[in-house]
Amino acid sequence: MRKKSFRVLAIALAMSTVSMMSTANVLAEEATEVETEAVTEAAEDAADEDQAAADEVAALIDAIYVQERTDDTDEQCAAAKEAWDALTDEQKELVEGENADPDYFGRDTGDASLDDARNQDDIGENELLVVSFGTSFNDSRVEDIKGIEDALAEAYPDWSVRRAFTAQIIINHVQARDGEAIDNVEQALDRAVANGVKNLVIQPTHLMHGAEYDELMEAVAEYEDQFESVAVAEPLLGEVWSDAPVVKAD
């Protein structure tokens, strides 16, 4: 009888041990699942936070990717750059908007400090205003636009050479990324008036007539009576369409 009881007790203990081990395995599996879910949720939350930060910068870039300057433009440019600088490298790669992308701030286009915005005062009575569409590529701007301006300054030492861009989108890009403020046409004309310029010559670097040149002429018409003389040069190719009154040989 004792042997039988002992055998029953041993079997019961064995079954209890197996049951406890099975329960422990289930609990361990459940704990692993909970831990995995927590890790996954944390990773998803981090990814959402990264995307939200990138989306905020994209919205700030899109806000300054416009052709009209406002009283808020300077502040918006500074805010966009500050928000970009606060992103991690991984977050910067996520920046994508209507016009925004990682290259807006991230692309290396050369050393902006080699350029000269030519927005100084103390102009004098004679100003030669060089008006370009503009470019946000620093190396290109130094070689091309600045190169033209430097050549004109050397050729006409009695005239103060100044710069204006017609593309506000580019002006904002250069200002936000590099901290270089370039005048648009209205700003440049206001500067000329404030400096007491009497004789204004405008030399566009536009290739031909078009919207940019027409807008330049409209802006100049608003200021003509504030100077003693105003002259605007023709674009290199002039009017190029077939019914133009004058078509240059080029």
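Here's a quick rundown of the structure. (Residues numbered from 1 in each chain as written. Predicted model: local features only at pLDDT ≥ 70, side-chain atom pairs only at ≥ 80, totals over all residues. Heavy atoms only, no water.)

1. Things to note about the pattern of salt bridges
Enumeration according to the criterion identifies 14 salt bridges in this entry. Across the pair Asp-85 and Lys-81 runs a salt bridge whose closest N-O atoms are separated by 2.9 Å. Separated by 4 residues within a single helix, Asp-85 and Lys-81 lie in helix α2 (residues 73-85), roughly one turn from each other. Using a relative accessible area of 45% as the deciding quantity, one classes Asp-85 as partly exposed. Among the residues examined, Lys-81 registers a relative accessible area of 23% and is labelled partly exposed. When salt bridges that share partners are traced, they join Asp-115, Arg-118, Arg-141, Lys-146, Glu-149, Asp-150, Arg-163 and Glu-180 into one network. (Salt bridge = Lys/Arg side-chain N within 4 Å of Asp/Glu carboxyl O. Helix = DSSP H or I, 4+ residues; strand = E, 2+ residues; numbered from the N terminus. Buried < 20%, exposed > 50% of the residue type's maximum accessible area, 1.4 Å probe, protein only.)

2. Here we look at the packing of aromatic side chains
If you walk through the whole model with that rule in mind, you get 3 aromatic pairs. When the ring of Tyr-104 is compared with that of Phe-105, the centres are 5.0 Å apart and the planes differ by 85 degrees; the resulting orientation is edge-to-face. Aromatic rings pair up to connect Tyr-65, Trp-84, Tyr-104 and Phe-105 into one cluster. (Phe/Tyr/Trp six-rings, centres within 6.5 Å; stacked < 30°, edge-to-face > 60°.)

3. Brief notes about the nonpolar core
Membership of the largest hydrophobic core comes to 17 residues, with the highest contact counts inside it found for Leu-129, Val-131, Val-185, Leu-189, Leu-200, Ile-202 and Leu-216. Those residues in contact with Val-185, other than ones at most four positions away along the chain, are Val-131, Ala-164, Phe-165, Thr-166, Leu-216 and Ala-219. One finds Cys-77, Ala-83, Trp-84 and Val-95 within the second-largest nonpolar core, a separate group that totals 15 residues. (Core = buried A, V, L, I, M, F, W, Y, C linked by side-chain atoms within 4.5 Å. Contact = heavy atoms within 4.5 Å.)

4. With respect to the side chain of Glu-149
With respect to the helices and strands, Glu-149 occurs in helix α5 (residues 138-155). A polar side-chain atom of Glu-149 sits 3.3 Å from a polar atom in the side chain of Arg-118. Beyond its immediate stretch of four places on either side in the chain, Glu-149 contacts Asp-116, Arg-118, Val-130, Val-161 and Arg-163. (Polar contact = N/O pair within 3.5 Å; in protein donor to acceptor, adjacent residues only side chain to side chain.)

5. Some points on the packing of α2 against helix α6 (residues 168-178)
The contact between α2 and α6 brings their axes to 8 Å, and the two run at 50 degrees. Here α2 is positioned oblique relative to α6, judged by the angle of their axes. Read as a crossing pair, α2 and α6 show a hand that is right-handed. For the pair α2 and α6, the contacting residues are Thr-73, Asp-74, Cys-77 and Lys-81 in the first and Asn-172, Gln-175, Ala-176 and Arg-177 in the second. Of the residues assigned to the contact of α2 with α6, the class counts are 2 nonpolar, 3 polar and 3 charged. (Axes fitted to C-alpha atoms, helices over the stretch in contact; angles between N-to-C directions. Parallel < 35°, antiparallel > 145°, perpendicular 65-115°, else oblique. Left-handed = near helix turned anticlockwise from the far one by under 90°. Nonpolar A, V, L, I, M, F, W, Y, C, P; charged D, E, K, R; others polar.)

6. Brief notes about unusual backbone geometry
A positive phi angle is found at Arg-118, which is not glycine, with a value near 50 degrees. The phi dihedral of Asp-122 is positive, around 55 degrees, even though this residue is not glycine. One can find Asp-122 in the loop between α4 (103-106) and β1 (126-132).

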